[in-house]
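Descriptive structure summary
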Amino acid sequence: MSLLSFNALPGWAALLDLAIHLAAGIASGVLYFRGLWWNVMRLTGNGRVTVTVALMIGRFVLLGGLLALASLEGALPLLTMALGVLIGRAIVMRSTREAAP
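Residues numbered from 1 in each chain as written. Predicted model: local features only at pLDDT ≥ 70, side-chain atom pairs only at ≥ 80, totals over all residues. Heavy atoms only, no water.

1. Section: the nonpolar core
Within the largest apolar cluster, 5 residues are counted, these being Tyr32, Phe33, Leu63, Val85 and Val92. Ignoring sequence-local partners within four residues, the contact set of valine 85 consists of Gly25, Ile26, Ser28, Gly29, Phe33 and Leu63. (Core = buried A, V, L, I, M, F, W, Y, C linked by side-chain atoms within 4.5 Å. Buried < 20%, exposed > 50% of the residue type's maximum accessible area, 1.4 Å probe, protein only. Contact = heavy atoms within 4.5 Å.)

Here is the structure:
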């Protein structure tokens, strides 16, 4: 059962909703993978392991919670948000590749 029925929305509102899910997916993907890069730098450096592990768990919970909320609206918003996460990953990978010596 979905909280929001796409059949009841006008076409422009459904597209707007999907665009918002895509933008939220891109933002959460960028945050997730930037946080992953930061965690790797802390683990390979001299950062505190307990704080790093706590932040790692927080990343998993945040992304999982956002995807779970999108799944309550149906398959299409979930897939759109997951696509946004993959786009966010590509953005972070490109920026880290360009920053590498």
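Having put the structure on the table, let's press on.
2. Quick word on the packing of aromatic side chains
Given two aromatic rings, their pairing is described by the distance between the two centres and the angle made by the two planes. One pass over the structure, following the stated rule, counts 2 aromatic pairs. Ring centres 5.0 Å apart and planes at 85 degrees place the aromatic pair tyrosine 32 and phenylalanine 33 in the edge-to-face group. Of the two residues, tyrosine 32 and phenylalanine 33, neither departs from the other in class, the shared state being buried. Ring centres 6.2 Å apart and planes at 50 degrees place the aromatic pair tyrosine 32 and phenylalanine 60 in the tilted group. Placement of tyrosine 32 in helix α1 (residues 11–44) and of phenylalanine 60 in helix α2 (residues 49–71) is noted, with a sequence separation of 28 residues between them. According to the relative accessible area criterion, tyrosine 32 is buried, its value standing at 14%. Ring-pair connections join several aromatic residues into one group, and the members of that group are Tyr32, Phe33 and Phe60. Above the plane of the ring of tyrosine 32 lies arginine 59, whose end atom (NZ or CZ) is 4.7 Å from the centre. Geometry around phenylalanine 60 places arginine 59 over its ring, the cationic atom sitting 5.5 Å from the centre. (Phe/Tyr/Trp six-rings, centres within 6.5 Å; stacked < 30°, edge-to-face > 60°. Helix = DSSP H or I, 4+ residues; strand = E, 2+ residues; numbered from the N terminus. Lys NZ or Arg CZ within 6 Å of the ring centre and 35° of its normal.)

3. Points about the environment of methionine 93
Secondary-structure assignment places methionine 93 in helix α3 (residues 75–99). Taking the C-alpha atoms as reference, methionine 93 lies 9.2 Å from arginine 34; in sequence the two are 59 residues apart.

4. Side note on the side chain of threonine 52
With respect to the helices, strands and loops of the structure, threonine 52 is situated in helix α2. The residues contacting threonine 52, other than those within four sequence positions of it, are Asn39, Arg42 and Leu43.

5. Things to note about the packing of α1 against α2
Direction vectors running N to C along α1 and α2 enclose 165 degrees, while the axes themselves pass 10 Å from each other. Taken together, the axes of α1 and α2 are roughly antiparallel relative to one another. Every pair of crossing elements has a handedness; the one defined by α1 and α2 is left-handed. Contacts between α1 and α2 pair His21, Ser28, Tyr32, Gly35, Leu36, Trp38, Asn39, Arg42 and Leu43 from the former with Val51, Thr52, Leu55, Met56, Arg59, Phe60, Leu63, Leu66 and Ala70 from the latter. (Axes fitted to C-alpha atoms, helices over the stretch in contact; angles between N-to-C directions. Parallel < 35°, antiparallel > 145°, perpendicular 65-115°, else oblique. Left-handed = near helix turned anticlockwise from the far one by under 90°.)

6. Quick look at a nonpolar patch on the surface
A surface patch of nonpolar side chains, about 450 Å² in accessible area, is lined by Leu43, Val49, Val53, Ile57 and Val61. Here the nonpolar patch takes 4 residues from α2, the largest share from any one element. Summarising the element assignment, valine 61 is placed in helix α2. (Patch = residues over 30% accessible without salt bridge, like charges linked within 9 Å, V, L, I, M, F, W, Y side chains within 5 Å. Areas by Shrake-Rupley, 256 points an atom, 1.4 Å probe, with all protein chains shown as cover. Salt bridge = Lys/Arg side-chain N within 4 Å of Asp/Glu carboxyl O.)

In short, the description is geometric, and any link to function would need to be established separately.
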